[in-house]
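Secondary and tertiary structure notes
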Amino acid sequence: MFQGKTVVVTGAASGIGAATAALLAERGADVIAVDLNRPQREFGRFLRADLSDPASIDTLAAALPAGVHGLANIAGLPPTRPAEQVLKVNLVGLKYLTTRLVPKLADGASIVNLASLAGLGWTEPEAKPAIDDSEHLDFDDVAGFCARHRIEGARSYFFSKEALIVWTLRNRWTWRERGIRMNAVSPGPVDTPILKDFIETLGARAEEDMRTMDRPGRPGDIAPVVAFLLSDESAWIRGTNVPVDGGMYSNVLCQMHGF
Ligand code: NAI
């Protein structure tokens, strides 16, 4: 399915990114793994980069070949990490890498952003001012932005995913004339090294959420969905957010709307 295609996967050293890189390699892709840490399994080429640092992203973008067919933006930090760092990796760095890479993407390429069920609050009117203000947020202004919008602690994670979903929706047609499309995937809780961070952050609410589920997700539940969105089979899926969460989002919607 991916023979002759080059796909860049960020966050490829662990969890969902590692599972996605492995699956794409198995399906014939030429995988370029990007992470702070070297993946334990070799999937193809590895390029070390710090996605919280614009200079490191510039070096990465220069090192990547032209004609890339897919970009899976999976690297991310959990809500237990410092707010500014979370915003830099999960949102500002992700957008910076993507926009730097677009000129090097092949026509018809697909971009997939790992958002989260934690980003479902993007539809709330209170979320809009900060999301709008983040549209052109750059690295130097992250501290000021967090102060302006009182984004501290775990809120940084929720905000980063809300803004990422909106950015994905807003850019539904930005690169349409080149056939380049972008979508998001929003998992519920997935059993990776950062699951404990979510449980720590959400406390009783996480335990309640887990009770409504038959089981937590596994990286192998998410990777095939990312692969589908990267493939030509999903060519007409554009600018959308796909929940992959064992039914949790539907559960929230039904409760919210009284069904
Ligand atoms: P993980 O911690 O297993 O993997 C994240 C990877 O990102 C690691 O390999 C890490 O080294 C890399 N990374 C972190 N900061 C980086 C930086 N500055 N530069 C380059 N690489 C960096 O986490 P997991 O669970 O696989 O998460 C992947 C994505 O899925 C994240 O964006 C996360 O927010 C999202 N997600 C995870 C859920 C979960 O329950 N595990 C639920 C919903 C979304």
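Our structure is the block above this text.
Residues numbered from 1 in each chain as written. Predicted model: local features only at pLDDT ≥ 70, side-chain atom pairs only at ≥ 80, totals over all residues. Heavy atoms only, no water.

Quick word on the layout of surface pockets
Heads up, the rule is: A 1.4 Å probe that fits but cannot get out identifies a cavity on a 1 Å grid over protein atoms alone, an open set with protein on both sides within 12 Å along at least five of seven lines counts as a pocket, and a residue lines either if it has an atom within 4 Å of a point. Grid points are joined across faces, edges and corners, and a volume is the space filled by probe spheres set on the points. Helix and strand definitions follow DSSP, with helices as H or I runs of at least four residues and strands as E runs of at least two, each counted in order from the N terminus. Side-chain classes are defined by residue name, with Ala, Val, Leu, Ile, Met, Phe, Trp, Tyr, Cys and Pro counting as nonpolar, Asp, Glu, Lys and Arg as charged, and the others, Gly among them, as polar.
Here the second largest pocket is characterised by a volume of approximately 290 Å³. Forming the walls of the second largest pocket are 14 residues, and the residues nearest its centre are Lys-95, Thr-99, Glu-135, His-136 and Leu-137. A total of five residues in the lining of the second largest pocket trace back to one element, the largest contributor, which is helix H3 (residues 83-101). Per-class residue counts for the lining of the second largest pocket are six nonpolar, three polar and five charged.

Some words on the site of the ligand
Let me state the cut-off plainly: The criterion for a residue being near a molecule or strand is simple. One of its heavy atoms has to lie within 4 Å of it. Polar contact is defined as a pair of N or O atoms within 3.5 Å, subject to the rule that within protein one atom must be able to donate a hydrogen and the other to accept it, and that residues adjacent in sequence are counted only when both atoms are side-chain atoms. Surface accessibility follows the Shrake-Rupley procedure with a 1.4 Å probe radius. Residue values consider only the protein chains on display as shielding.
Near the ligand there are 30 residues, and of these Ser-14, Asp-35, Tyr-157, Val-190 and Thr-192 occur at the shortest range. Between Asp-35 and the ligand, the recorded distance is 2.5 Å, taken from a side-chain N or O atom to an oxygen atom. Within the side chain of Asp-50, a nitrogen or oxygen atom sits 2.9 Å from a nitrogen atom of the ligand. Bound to the protein, the ligand loses 95% of the 830 Å² it would expose on its own. For the shell around the ligand, the secondary structure elements donating two or more residues are helix H1 (15-26) and helix H6 (155-170). Across the shell around the ligand, the residue classes break down as 18 nonpolar, nine polar and three charged.

Observations concerning the pattern of salt bridges
Quick reminder of the rule: Salt bridge, as used here, is a side-chain nitrogen of Lys or Arg placed within 4 Å of a carboxyl oxygen of Asp or Glu.
According to the stated counting rule, one finds 12 salt bridges in the structure shown. The salt bridge involving Arg-38 is made with Glu-42; its shortest N-O contact spans 3.2 Å. A salt bridge links Arg-170 to Asp-132; the nearest nitrogen and oxygen atoms lie 2.5 Å apart. Placement of the pair is Arg-170 in helix H6 and Asp-132 in helix H4 (residues 128-133), with a sequence separation of 38 residues. Three or more residues are tied together by salt bridges with common partners; here these are Lys-128, Asp-132, Glu-135 and Arg-170.

Considerations on H3
In an α-helix, one turn spans 3.6 residues; hence positions three or four apart end up facing the same way. Counted only if it meets this: Here the expected length of a helix is defined as 1.5 Å per residue gap, with one fewer gap than residues. What is called the bend at a residue is the angle between a pair of axes, fitted to the seven residues leading up to and ending at it and to the seven starting from it. Each residue's exposure class comes from its accessible area (1.4 Å probe, protein chains only) as a fraction of the maximum for that residue type: buried when under 20%, exposed when over 50%, partly exposed otherwise.
Taking 1.5 Å of rise per residue, 19 residues should cover 27 Å, and H3 covers 26 Å from first to last C-alpha, within 8% of that figure. At Val-89, H3 is bent by approximately 40°, the largest bend along its length. Counting buried positions over the 19 residues of H3 gives 14, a clear majority of the element.

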